[in-house]
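Read off the chains here:
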Amino acid sequence: MTQVELSTSRSHHVFATTLLYSQANSCFMDQDFALAHNILLKMMHCLVSIIVIDGQPIASVDIT
């Protein structure tokens, strides 16, 4: 586990303890966490494909 700082703007910073898992393939931020820390959620109008550190596409579905 490691500490991270999320910056959503110049004045809004959230510190969190995270678990980094190289084979993770699902959500990386819970909606309840975002709401609790006033992180704006925005519906995306198109899918986003993710390329992981080894240059391969992520094994799970695209980000919506």
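Residues numbered from 1 in each chain as written. Predicted model: local features only at pLDDT ≥ 70, side-chain atom pairs only at ≥ 80, totals over all residues. Heavy atoms only, no water.

Chemist: What should I look at first to understand the overall build of the chain in this one?
Modeler: What the chain contains, in helices and strands, is 1 helix and 2 strands. The order of α-helices and β-strands along the chain, N terminus first, is β-β-α. Counting the 64 residues in the chain, one finds 6% classified as buried. Partitioning the intrachain contacts of the chain with sequence separation of at least 6 by distance along the chain shows that 17% fall at a separation of at least 24. For the chain, the exposed surface amounts to about 5900 Å²; the carbon and sulfur share of it is 59%. (Helix = DSSP H or I, 4+ residues; strand = E, 2+ residues; numbered from the N terminus. Buried < 20%, exposed > 50% of the residue type's maximum accessible area, 1.4 Å probe, protein only. Contact = heavy atoms within 4.5 Å. Areas by Shrake-Rupley, 256 points an atom, 1.4 Å probe, with all protein chains shown as cover.)

Chemist: Explanation requested: the pairing of strand E2 (residues 13-18) in the structure shown.
Modeler: For a regular strand, side-chain orientation follows a simple rule: the groups alternate between the two sheet faces. Relative to E2, strand E1 (residues 2-7) is paired through 6 bridges, and the arrangement is antiparallel. By the bridge assignment, Gln-3 is partnered in E2 with Thr-17. Between E1 and the antiparallel strand that follows it, E2, lie 5 residues. (Pairing = 2+ DSSP bridges.)

Chemist: Just checking my understanding: could you explain the confidence of the model for the chain for this structure?
Modeler: Low pLDDT marks stretches whose predicted atomic positions should not be read closely. Per-chain confidence: the chain averages 78 in pLDDT, with 83% of residues scoring 70 or above. Looking at the elements of the chain, mean pLDDT is at its lowest for E1, recorded as 85, and at its highest for helix H1 (residues 31-36), recorded as 89. (pLDDT = per-residue confidence, 0-100.)

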